Amino acid sequence: MSGATKNLLEGAVTLVIGLALWLFAGGVALPFVTLTKVGLVMTCVGGALLLTGLFQRARPPRRKP
């Protein structure tokens, strides 16, 4: 599996899980962390991974000398 495909897959999964936490875990109370904030961070990380994968897919592969 290439790096671009890996980043796209990981980004999509992280984005979906983060969105689910952000939208639906508001009523869950944990003593040390807020799940909505964790979901927002995971959504941002997943979006960054998706953008990285798209950028890697759009660029031509580098040739080794």
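Presented here is a report on the structure given in the accompanying data block. These numbers were taken from a predicted model, which means no experiment stands behind them.

To continue, consider helix H2 (residues 35-58). Three or four residues apart is the spacing at which side chains of an α-helix point the same way, because the helix has 3.6 residues per turn. Between its terminal C-alpha atoms H2 stretches 34 Å, which fits the 34 Å expected from 24 residues at 1.5 Å a residue. Residues of H2 that are buried: Leu 35, Gly 39, Thr 43, Gly 46, Gly 47 and Gly 53.

It is worth spelling out the side chain of Thr 14 at this point. Positionally, Thr 14 belongs in helix H1 (residues 3-24). Of the polar contacts made by the side chain of Thr 14, one reaches the backbone oxygen of Glu 10; its length is 2.7 Å. Excluding residues within four positions of it along the chain, Thr 14 makes contact with Met 42 and Gly 46.

Between its terminal C-alpha atoms H1 stretches 31 Å, which fits the 32 Å expected from 22 residues at 1.5 Å a residue. The set of residues buried in H1 consists of Ala 4, Asn 7, Leu 8, Gly 11, Thr 14 and Gly 18. Looking straight down H1, one finds that the buried residues subtend no more than 145° of arc, so they occupy a single side. H1 presents Val 16 and Phe 24 as exposed residues on the side facing more than 90 degrees away from its buried surface. Against H2 lie the buried residues of H1.

When you line up the elements, Thr 43 lands in helix H2. Once residues within four sequence positions are removed from consideration, Thr 43 is found in contact with Leu 15, Gly 18 and Leu 19.

Right, let's get into the packing of H1 against H2. Look at H1 against H2: their axes get within 7 Å of each other, and the N-to-C directions meet at 155°. The angle between H1 and H2 falls in the class roughly antiparallel. The interaxial crossing formed by H1 with H2 has left-handed handedness. In the contact of H1 with H2, the residues fall into 15 nonpolar, 14 polar and 2 charged.

Conventions we followed
The residue numbers shown here count from 1 along each chain, following its written sequence. For a predicted model such as this one, the threshold for reporting local features is a pLDDT of at least 70, and the threshold for listing and counting side-chain atom pairs is 80 or more; totals across whole chains, interfaces and linings nevertheless cover every residue. The basis for the side-chain values is all heavy atoms of the structure; hydrogens and waters are excluded. Under the scheme used here, helices are H or I runs from DSSP no shorter than 4 residues and strands are E runs no shorter than 2 residues, and both carry numbers assigned from the N terminus. One fewer than the residue count of a helix, multiplied by 1.5 Å, yields its expected span. Burial classes follow relative accessibility: with a 1.4 Å probe on protein chains only, a residue under 20% of its type's maximum area counts as buried, one over 50% as exposed, and anything between as partly exposed. Pairing of N or O atoms within 3.5 Å defines a polar contact, subject to two protein rules: one partner must be a possible hydrogen donor and the other a possible acceptor, and residues neighboring in sequence count only if both atoms are side-chain atoms. Here a residue-residue contact requires only that any non-hydrogen atoms of the pair lie within 4.5 Å. Arc definition: directions from the helix axis to the C-beta atoms. Axis definition: a line fit to C-alpha positions, over the contact stretch in the case of helices; interaxial angles, taken between N-to-C directions, run 0 to 180 degrees. Put simply, angles under 35 degrees are roughly parallel, angles over 145 are roughly antiparallel, angles from 65 to 115 are roughly perpendicular, and the rest are oblique. A clockwise turn of the near helix away from the far one marks a right-handed crossing, whereas an anticlockwise turn of less than a right angle marks a left-handed crossing. Gly is put with the polar residues, along with every residue not named as nonpolar or charged; the nonpolar set is Ala, Val, Leu, Ile, Met, Phe, Trp, Tyr, Cys and Pro, and the charged set is Asp, Glu, Lys and Arg.

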